[in-house]
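What follows is the residue order along each chain.
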2 protein chains.
Amino acid sequence: MEFSSKLLQEAVEQVSFLPGIGKRTALRLVLHLLNQDQEVTTDLAKSLLDLKLKIKRCKNCHNISDSEICDICANPKRDQSIVCVVEDIRDIMAIENTEQYRGVYHVLNGKINPIEGIGPNDLTIESLTQKAKEGQINEIIFALSSTMEGDTTNFYIYKQIENFDIKMSTIARGISVGDELEFADEVTLGRSIVHRIPFEKSLKA
Amino acid sequence: MEFSSKLLQEAVEQVSFLPGIGKRTALRLVLHLLNQDQEVTTDLAKSLLDLKLKIKRCKNCHNISDSEICDICANPKRDQSIVCVVEDIRDIMAIENTEQYRGVYHVLNGKINPIEGIGPNDLTIESLTQKAKEGQINEIIFALSSTMEGDTTNFYIYKQIENFDIKMSTIARGISVGDELEFADEVTLGRSIVHRIPFEKSLKA
């Protein structure tokens, strides 16, 4: 792509570094900003810089937060002894939306992924095992995606913690509510049969 | 969507103002920036602000440019008497890629669109008619998209200029090279028959 302006080219290249945004989309976004008032670009740039400079991570669970301790950890109604292990903040938002969970979280900031060079030390596993050691945790719920990376990470944490007296569980895998059985994949359907639940329990939620 | 941080919420909202970017995509982009080095965000913000503050429009054709006159208008090899009217800079890039055009351009910065409140005075039509009045132009080629807005804009400019001794043409509409006739829409196919070209000419490009 040849540009009539170095400034334009620079802006398009910067925007196209974002994930899922190619050169064409970047150009469209940049031209949109050019056609707007100065304020739109200023506000956008300012909020991105503010976010990067001022954002904090909760000291307890590594959730993104404006204060030292996030709202969930600071909430006295949440059960601090149940910890749900998630990959990032989007998973917290998804689980919070269900309104079914009253424990707290632990954000790993990723999954173990040797191909991309992400090892256990790049994640917040150390602070999770520390909390486990101190006896603050009764149950850990693994809520990582069930990919190879997710399973590896679960297993790594399991191995770190297995000697402590802590219940460990993973979220249930099964057929989505409303899905047709015939279109379900074999692995999911298989697991949903192996891990079937008593009918009376299924009536509750 | 509920956020654990006001800063995060603000950033996601600013990013989701961009066209074609919803709240979910905005969150993904913002979290990506959060996981990168500080420089990535600084560079992005800086290049957007630089673009907005320092970018110029070519005095002659309104193309985006780093100088008063854009590279195309300043090129002595381009024929200044042939002017191709386009909607925005992306159309110039597309036409330049063909390497078939040696005239100059005139960027309208949009199309007449009453529904969105865009009238002739919001575009750069005035400066085009001015150039026409001064006798600088021999031919005007309309290269707007063939939508109602594009056709309206073409016709408006045509009416402004029809009394001057200027040849006016539009780019050819027809079946794309390599396309199957059976899948072409009727209007395009119809036009490609009405405006058929001598076979010998078709051999040239």
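Residues numbered from 1 in each chain as written. Chains lettered and ligands numbered in written order. Predicted model: local features only at pLDDT ≥ 70, side-chain atom pairs only at ≥ 80, totals over all residues. Heavy atoms only, no water.

1. Quick word on the pairing of strand 6 (residues 167-170) of chain B
Residue and element names in this part refer to chain B. Here is the rule: Pairs of strands are assigned from DSSP output, requiring at least two bridges between the strands. In this text, helices come from DSSP runs of H or I with a minimum length of four residues, and strands from runs of E with a minimum of two, each type numbered from the N-terminal end. Here, the term right-handed applies to a crossover whose path from the first strand over the helix to the second runs clockwise when the strands point away from the viewer.
Taken together, the 4 bridges between strand 5 (residues 139-142) and strand 6 define a ladder with parallel strand orientation. For E139, the partnering residue across the bridge sits in strand 6 and is K167. Read from strand 5 through helix 7 (residues 148-161) to strand 6, the crossover connection turns out right-handed.

2. A look at the nonpolar core
Short version of the rule: Only buried Ala, Val, Leu, Ile, Met, Phe, Trp, Tyr and Cys residues count toward a nonpolar core, and they belong to the same one when joined by side-chain atoms within 4.5 Å. Summary of the burial criterion: residues with accessible area below 20% of their type's maximum are buried, those above 50% are exposed, and those between are partly exposed, where the area comes from a 1.4 Å probe applied to protein chains only. In this description, contact between two residues means that some pair of their heavy atoms is separated by no more than 4.5 Å.
Membership of the largest hydrophobic core comes to 44 residues, with the highest contact counts inside it found for L8 and V15 of chain A together with L8 and V15 of chain B. Only helix 1 (6-16), helix 2 (23-35), helix 3 (38-54) and helix 5 (89-98) of chain A together with helix 1 (6-16), helix 2 (23-35), helix 3 (38-54) and helix 5 (89-98) of chain B provide two or more residues apiece to this core. Ignoring sequence-local partners within four residues, the contact set of V15 of chain A consists of I21, A26, L29 and V30 of chain A together with L44 and L48 of chain B. V83, Y105, I112 and A143 of chain B belong to the second-largest nonpolar core, a separate cluster that totals 30 residues.

3. Points about empty space enclosed by the protein
To keep things clear, this is the line we draw: A cavity here means a set of points on a 1 Å grid, drawn over the protein atoms and nothing else, where a 1.4 Å probe fits but cannot get out; a pocket is an open set with protein on both sides within 12 Å along at least five of seven lines, and a residue lines either one if it has an atom within 4 Å of a point. Grid points are joined across faces, edges and corners, and a volume is the space filled by probe spheres set on the points. Each residue gets one of three labels, nonpolar for Ala, Val, Leu, Ile, Met, Phe, Trp, Tyr, Cys and Pro, charged for Asp, Glu, Lys and Arg, and polar for the others, Gly among them.
Applying the stated criterion across every chain yields a total of 2 cavities of 30 Å³ or more. Approximately 140 Å³ is the volume attributed to the largest cavity. V15, L18 and L44 of chain A together with L18 and L44 of chain B are the residues nearest the centre of the largest cavity, which is lined by 13 residues in total. Broken down by secondary-structure element, the contributors of at least two residues to the lining of the largest cavity are helix 2 and helix 3 of chain A together with helix 2 and helix 3 of chain B. In the lining of the largest cavity, the residues fall into 13 nonpolar, no polar and no charged. If you add up the space inside the second largest cavity, you get close to 40 Å³. Considering the residues around the second largest cavity, the lining is formed by L31 and N35 of chain A together with R57, I64, D88, I89, V107 and N109 of chain B.

4. Looking at the interface of chain A and chain B
Stated precisely, the cut-off is as follows: The term salt bridge refers to a pairing of a side-chain nitrogen on Lys or Arg with a carboxyl oxygen on Asp or Glu at a separation within 4 Å. A 3.5 Å cut-off defines polar contacts: any pair of N or O atoms within that distance qualifies, except that in protein one atom must be a possible hydrogen donor and the other a possible acceptor, and neighbouring residues in sequence count only when both atoms are side-chain atoms.
Facing 52 residues of chain A, the contacting portion of chain B comprises 52 residues. Where chain A meets chain B, there are 0 salt bridges. There are 12 residue pairs in polar contact (both at pLDDT 80 or more) connecting chain A and chain B. Listed by contribution, the elements that provide at least two residues to the side of chain A that touches chain B are helix 1, helix 2, helix 3, strand 2 (64-65) and helix 5 of chain A. The element contributing the most residues to the side of chain A that touches chain B is helix 3 of chain A, with 15 residues. Looking at the side of chain A that touches chain B, its residues break down into 27 nonpolar, 12 polar and 13 charged.

5. Quick look at the relation of the copies chain A and chain B
Filter applied, for reference: Fitting of the copies onto one another was done by least squares over C-alpha atoms, counting residues only where both copies have pLDDT of at least 70.
For the pair chain A and chain B, the best superposition has an RMSD of 0.1 Å and corresponds to a rotation of 180° with a translation of 0.0 Å parallel to the axis. What we have between these two chains is a two-fold relation. For chain A, the minimum C-alpha distance to the rotation axis belongs to A45 of chain A and amounts to 2.3 Å. When the interface residues of chain A are mapped onto chain B, 100% of them again lie at the interface, so the same face is used by both copies.

6. Side note on the confidence of the model for chain A
Low pLDDT means the predicted atomic positions in that stretch should not be read closely. Rule in force here: Per-residue confidence from the prediction method is given by pLDDT, with values spanning 0 to 100.
This prediction gives chain A a mean pLDDT of 90; 100% of its residues lie at or above 70. Mean pLDDT across the elements of chain A bottoms out in helix 9 (residues 199-202) of chain A (79) and peaks in strand 4 (residues 103-107) of chain A (95).

7. Observations regarding a negative patch on the surface
Note the threshold: Nonpolar side chains (Val, Leu, Ile, Met, Phe, Trp, Tyr) are joined into patches within 5 Å and like charges within 9 Å, using only residues with over 30% relative accessible area and no salt bridge. Working definition of accessibility: Shrake-Rupley area with a 1.4 Å probe, residue cover restricted to the visible protein chains. His is not counted here, nor are the chain ends, while Lys and Arg score as positive and Asp and Glu score as negative. Working definition for charges: the position is that of NZ of Lys, CZ of Arg, CG of Asp or CD of Glu.
A contiguous patch of negative charge on the surface is contributed by E10 of chain A together with D37, E39 and D43 of chain B. Of note, E10 of chain A is situated in helix 1.

8. So, the UniProt feature "zinc finger region: C4-type" (unreviewed entry) in chain A
Stated precisely, the cut-off is as follows: UniProt positions are given in the numbering used here, feature names are shortened, and annotations may be inferred rather than shown by experiment.
As recorded in UniProt, the sites labelled "zinc finger region: C4-type" (unreviewed entry) are residues 58-73 of chain A. The annotated region residues 58-73 of chain A carries 19% helix and 12% strand content, and the separation between its end C-alpha atoms amounts to 8 Å.

9. A few points about the packing of helix 1 of chain A against helix 3 of chain B
Stated precisely, the cut-off is as follows: Axis angles are defined between N-to-C directions and span 0 to 180 degrees, where every axis is a line fitted to C-alpha atoms and, for a helix, only to the segment in contact. Orientation labels follow simple angle bins: below 35 degrees gives roughly parallel, above 145 gives roughly antiparallel, 65 to 115 gives roughly perpendicular, and whatever is left gives oblique. Note on convention: the crossing is left-handed when the near helix lies turned anticlockwise from the far helix by less than a right angle, right-handed when the turn is clockwise.
Packing of helix 1 of chain A against helix 3 of chain B brings their axes to within 9 Å, and their N-to-C directions diverge by 150°. When the axis of helix 1 of chain A is compared with that of helix 3 of chain B, the two are roughly antiparallel. As for the relative orientation of helix 1 of chain A and helix 3 of chain B, their crossing is left-handed in sense. Along the contact surface, helix 1 of chain A presents L7, L8, E10, A11, Q14 and V15 of chain A, while helix 3 of chain B presents V40, D43, L44, S47, L48, D50, L51 and K54 of chain B. Residue composition of the contact of helix 1 of chain A with helix 3 of chain B, by class: 8 nonpolar, 2 polar and 4 charged.

10. Regarding the UniProt feature "domain: Toprim" (unreviewed entry) in chain A
Those places that UniProt annotates as "domain: Toprim" (unreviewed entry) correspond, in this numbering, to residues 81-176 of chain A. With 34% helix and 20% strand, residues 81-176 of chain A has end C-alpha atoms that lie 29 Å from one another.

11. Observations concerning the side chain of N113 of chain B
Residue and element names in this part refer to chain B. Here N113 shows up in the loop between strand 4 (103-107) and helix 6 (125-133). We classify N113 as buried; its relative accessible area is 13%. Apart from residues no more than four positions distant in its own chain, N113 is found in contact with I118 and E149.

12. Some remarks on the pattern of salt bridges
Tallied over the entire structure, the rule returns 16 salt bridges over all chains. Linking E68 of chain B and K59 of chain B is a salt bridge whose minimum nitrogen-to-oxygen distance equals 3.2 Å. E68 of chain B sits in the partly exposed class, given a relative accessible area of 40%. Linking R78 of chain B and E96 of chain B is a salt bridge whose minimum nitrogen-to-oxygen distance equals 2.8 Å. With R78 of chain B in the loop between helix 4 (71-74) and strand 3 (79-86) and E96 of chain B in helix 5, this residue pair connects regions lying 18 residues apart in the sequence. One salt-bridge network, held together by shared partners, links K46, D50 and K54 of chain A.

13. Quick look at the domain arrangement of chain A
Interfaces are often sized by the amount of accessible area the parts lose when they come together. Our working rule: In this document the domain limits rely on a domain assignment from an automatic tool or a database.
Examined at the domain level, chain A breaks down into domain 1 (6-54) and domain 2 (72-171). Placing a centre on the C-alpha atoms of domain 1 of chain A and another on those of domain 2 of chain A gives a separation of 34 Å.

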